[in-house]
Amino acid sequence: MRADSQAFARRHWPALAVAALTAVLAADHLLWLEHSRDGFPFDVDESRYAGFGLGLHDRFAADGLSGFWDAWSELQDFAPLLPLTSVPLFALFGDGQTTILSAQLPFFVALVATAYLLGARLASPATGALVALAVAASPIAIDFTRSYHFAVTSGALLLASLYALLASERFSRSGWSIAWGVLLGLTALSRTMTVALIPAQLLAAAWLLAAEPEQRRRRLAHAAAGLGLGVAVALTWYAANWDNVLDYLTNSGYGSASTAYGPDRSPLELGYWTAEWSSAVRGDLFLPLGALLSASLALGAALLVREGRAAHARGRIGDAALRFLRSDLAIVLFVAAWSYLALTSSRNEGVGFRMVFIPAAIVLAGCCVHRLPWRRVRVALVVGIVAASALNLVVKSSLAPGVARRTVADLPLLGDSIVIDRGGWIQRYVTSAGVEVEPGSPELPESQRGWLPAYRLIVASVRRQRPVPGFVPVTAIAVYEPLFNQFDLTLAGTSDFDESFYAVGLARPEQPSHPQGYEAQLRSGLQPNLLVTVHPARSSFGEPPPPQAVIERASRRVGFEPIARQELPDGRYATLWLLDPRGR
């Protein structure tokens, strides 16, 4: 029995190593969340997404499936898969911040496992293990596994659907064909921007059907069944929200509004085509790992050109090209290139957008290393990738606080490139809000641990207000800044699991220095009966801060009176205003 176990371990060591690595890293992520995020701020998008997930749980607990379905179908401008998959965690473990953020861990596991499976399929199990290590150790995967964003969710599902497409063996296997369609539908639900990436797999599927003439009718039926199920999965949400998604893609994604989310480059410049990869090397992979992966891809491309020339010299270039185009490697290359170009053609740089092509690029780099005929070069690249990945993991680990915190190299062409950096997305976000954070530190100032309790105290004050029978609180927020906005209060209120809490933000009128514009908002629309102002207000994501004194003057004209004050962690204070029911 022991000999059989040893033989099994020797035969399957890459898969076992990846399983052990994934388990250790998932545990480390959980420890990091508990130590470095529990009680600290969410960013504004995390508050929106997690608040929706908590709202789904509330509606299901209160009204069953009908209430859940109504909440699921409500208009949103973000895809709802991560909030949906968070509901069982909320039901089992409550609404703690670590519980909310740990909802990303299953997608991290799926991402690493699928990277291994793709690498093993395209090259070898050992290459699969190398690819899985590099994906797991990429800083973009580490940072967004520790957040409530959609980067890892969309990246994992896009890679999983790609693997299912290949595993269907040109749609000859019904199970994998159906899995491909369902995973593609879930990919569409993982992030609205993935709608621009799905055509790549549809075109690849059409090519696989066309390139194999045998049993085409049977394979077409499998593909149609899978695709039909995928469409049905996606329509559970897109049927009610397709117009929002279309508006997002044609404006913020590829329209005029996209200019607000990234630089404007000309397609005639080389930098236009290399910007996404250079940004990935500088900040998403860090320089050591990014440089080694770039070298691997470059050598693989050179090898492909050399093989093409050799085939041309033998007069077999057509056969060689067709053989390559029918290979799994060509499908992965096509999907990765499509994803890359889809991001390149949009000026919207988004949050973690590059996660949709980086794992596939790492898979391709691993396959390039595997195919290199030069043993010393191959060994050097493998050792380098393992060492660079280990460096990233150690630097980002929750158990290594003493390592160097941040090192940046200024390089020709690339510019400032991160070598190591313990800090992550949430540290950069809090810094952008004007809070002093030690560069590269994973530790936020202890004062920042008080934001969520402060939000909850404000919400508790709102809920205590019952000036007349039947009073329903409608709360307006006079600021929209990184660490204080309506989504933060909505999250804090909804996390009580007893009733949904909604807050709205006051829009900036054409003349923000005059009270009339604010007064008109307070008298119309949702007609809020509660108002929250903050002194002093900070800039709202690059815009000047709303004039709180002007807003308060407008609110007094409408009939609001201050009733409570709450100190904020940064030394400021928030004031709660109640509308006298006779004020209108």
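A quick note: this is a predicted structure, and the numbers were derived from the prediction, not measured.

Caption draft 1: Looking closely at the pairing of strand 1 (residues 406–411). Bridging between strand 1 and strand 2 (residues 415–421) involves six bridges; their strand directions are antiparallel. The residue of strand 2 that forms the bridge with Asp410 is Asp416. Hairpin connection of strand 1 to strand 2: three residues between the antiparallel strands, including Leu413 at a positive phi of 70 degrees.

Caption draft 2: Main features of the side chain of Ser190. Structurally, the position occupied by Ser190 is in helix 10 (residues 174–190). In this structure Ser190 comes out as buried when scored by relative accessible area, which is 0%. A polar contact is formed between the side chain of Ser190 and the backbone oxygen of Thr187, at a distance of 2.6 Å.

Caption draft 3: Examining a nonpolar patch on the surface more closely. Where nonpolar side chains cluster on the molecular surface, the patch consists of Leu202, Leu227, Val231 and Leu235 and spans about 300 Å² of accessible area. Take the nonpolar patch: its biggest share by element is three residues, from helix 12 (residues 216–253). Mapped onto the secondary structure, Leu227 falls in helix 12. The exposure class of Leu227 is partly exposed, given its relative accessible area of 34%.

Caption draft 4: Representation of the side chain of Lys396. Looking at where Lys396 falls in the secondary structure, it is placed in helix 18 (residues 375–396). Relative accessible area serves as the criterion here: at 3%, Lys396 is assigned to the buried category. Here Gly423 takes part through its backbone oxygen, which lies 2.5 Å from a polar atom of the side chain of Lys396. Beyond its immediate sequence surroundings of up to four residues, Lys396 is in contact with Asp28, Trp32, Pro139, Ile142, Asp143, Arg146, Phe286, Asp421, Arg422, Gly423 and Gly424.

Caption draft 5: Here's a closer look at the packing of aromatic side chains. Summed over the entire model, instances satisfying the criterion amount to 18 aromatic pairs. Between Phe60 and Phe68 the ring centres are 6.2 Å apart and the planes differ by 85 degrees, which places this aromatic pair in the edge-to-face class. Between Trp425 and Tyr429, the ring centres sit 6.5 Å apart and the planes meet at 40 degrees, which makes this aromatic pair tilted. With Trp425 and Tyr429 both in helix 19 (residues 425–432) and four residues apart, this pair spans about one turn of that helix. Every member of this aromatic cluster is reached through a ring pair, and the members are Tyr49, Phe52, Phe78 and Phe150. Between the NZ or CZ atom of Arg48 and the centre of the ring of Phe487, over which it lies, the distance is 5.2 Å. Above the ring of Tyr573, the side-chain terminus of Arg565 is found at 3.8 Å from the ring centroid.

Caption draft 6: Representation of the sheet that holds strand 4 (residues 503–505) in the model. In spatial order, the strands read 4-3-5-7-6; together these five strands make up an open sheet with mixed pairing. The open sheet has two edge strands, strand 4 and strand 6 (560–567), and neither has a second partner. Looking at each pair of strands side by side, their axes are set apart by 30 degrees on average, direction ignored. Strand direction decides the pairing type here: strand 3 (residues 475–477) and strand 5 (residues 530–535), joined by three bridges, are parallel. In the sheet register, Thr475 faces strand 5, and the bridge partner there is Leu530. Against the sheet, helix 23 (residues 548–558) touches strand 5, strand 6 and strand 7 (573–579), its axis set at about 155 degrees to strand 5.

Caption draft 7: Local environment of the nonpolar core. By size, the foremost hydrophobic cluster in this structure holds 146 residues, and its most contacted members are Leu118, Tyr148, Phe484 and Leu489. Here this core takes 13 residues from helix 9 (residues 151–167), the largest share from any one element. For Tyr148, the residues in contact, after removing those within four places along its chain, are Glu46, Tyr49, Ala50, Leu82, Pro83, Ser86, Phe90, Ile100, Leu101, Ala103 and Gln104. Counting 13 residues, the second-largest nonpolar core is a separate cluster that includes Leu506, Tyr518, Val550 and Leu579.

Caption draft 8: Region of interest: unusual backbone geometry. Of note, the bond from His535 into Pro536 is cis; its omega dihedral lies within 30 degrees of zero at -15 degrees. Of note, Pro536 is situated in the loop between strand 5 and helix 23. At Arg170, a position not held by glycine, the phi torsion is positive, near 60 degrees. Notably, Gln215 is not glycine yet its phi reads approximately 50 degrees, a positive angle. Following the sequence through the fold, Gln215 ends up in the loop between helix 11 (198–211) and helix 12.

Caption draft 9: Region of interest: helix 6 (residues 105–122). Here helix 6 contains 18 residues, and its C-alpha end-to-end distance of 26 Å stays within 8% of the 26 Å for a straight helix at 1.5 Å per residue. All of the buried residues in helix 6 are Leu105, Phe107, Phe108, Leu111, Val112, Thr114, Ala115, Tyr116, Leu118, Gly119 and Leu122.

Caption draft 10: Broad picture of the packing of helix 6 against helix 17 (residues 358–371). In contact at an axis separation of 10 Å, helix 6 and helix 17 are set at 35 degrees when each is read in the N-to-C sense. Relative to helix 17, helix 6 is oriented so that their crossing is right-handed. Every residue of helix 17 that contacts helix 6 at Leu111, Ala115, Leu118, Gly119 and Leu122 is listed here: Pro359, Val363 and Cys367.

Caption draft 11: Summary view of the environment of Thr575. Along the chain, the position of Thr575 falls in strand 7. Given a relative accessible area of 8%, Thr575 falls into the buried group. Residues within four places of Thr575 in sequence aside, it is in contact with Leu531, Val532, Thr533, Pro562, Ala564 and Arg565.

Caption draft 12: Fine view of the state of the cysteines. Taken as a whole and assessed by the stated rule, the structure comprises zero disulfides. Distance from the sulfur of Cys367, which forms no disulfide, to the nearest cysteine sulfur (Cys368) is 7.1 Å. A residue is classified by how much of its surface remains accessible, and Cys367, at 3% relative accessible area, is buried.

Caption draft 13: How the structure looks around the pattern of salt bridges. One pass over the structure, following the stated rule, counts 23 salt bridges. For Glu519, the salt bridge goes to Arg557, with nearest N and O atoms at 3.5 Å. Of this pair, Glu519 sits in helix 22 (residues 515–523) while Arg557 sits in helix 23; the two residues are 38 residues apart in sequence, bridging distant segments of the chain. Given a relative accessible area of 16%, Glu519 falls into the buried group. For Arg557, a relative accessible area of 43% gives the class partly exposed. When salt bridges that share partners are traced, they join Glu481, Arg538, Asp570 and Arg572 into one network.

Caption draft 14: The environment of Glu510, seen in detail. With respect to the element layout, Glu510 can be found in the loop between strand 4 and helix 22. The class of Glu510 is exposed, set by a relative accessible area of 83%.

Caption draft 15: Spatial organisation of the environment of Trp180. Mapped onto the elements, Trp180 comes out in helix 10. Residue classification places Trp180 among the buried residues on the basis of a relative accessible area of 2%. When the C-alpha positions of Trp180 and Thr236 are compared, they lie 18 Å apart, and in sequence the two are 56 residues distant. Apart from the residues lying within four places of it in its own chain, the contact partners of Trp180 are Ser161, Ala164, Leu165, Phe171, Gln201, Leu202, Ala205, Ala223 and Leu227.

The rules behind each value
Residues numbered from 1 in each chain as written. Predicted model: local features only at pLDDT ≥ 70, side-chain atom pairs only at ≥ 80, totals over all residues. Heavy atoms only, no water. Pairing = 2+ DSSP bridges. Helix = DSSP H or I, 4+ residues; strand = E, 2+ residues; numbered from the N terminus. Buried < 20%, exposed > 50% of the residue type's maximum accessible area, 1.4 Å probe, protein only. Polar contact = N/O pair within 3.5 Å; in protein donor to acceptor, adjacent residues only side chain to side chain. Patch = residues over 30% accessible without salt bridge, like charges linked within 9 Å, V, L, I, M, F, W, Y side chains within 5 Å. Areas by Shrake-Rupley, 256 points an atom, 1.4 Å probe, with all protein chains shown as cover. Salt bridge = Lys/Arg side-chain N within 4 Å of Asp/Glu carboxyl O. Contact = heavy atoms within 4.5 Å. Phe/Tyr/Trp six-rings, centres within 6.5 Å; stacked < 30°, edge-to-face > 60°. Lys NZ or Arg CZ within 6 Å of the ring centre and 35° of its normal. Axes fitted to C-alpha atoms, helices over the stretch in contact; angles between N-to-C directions. Core = buried A, V, L, I, M, F, W, Y, C linked by side-chain atoms within 4.5 Å. Expected span 1.5 Å × (residues − 1). Left-handed = near helix turned anticlockwise from the far one by under 90°. Disulfide = S-S within 2.5 Å.

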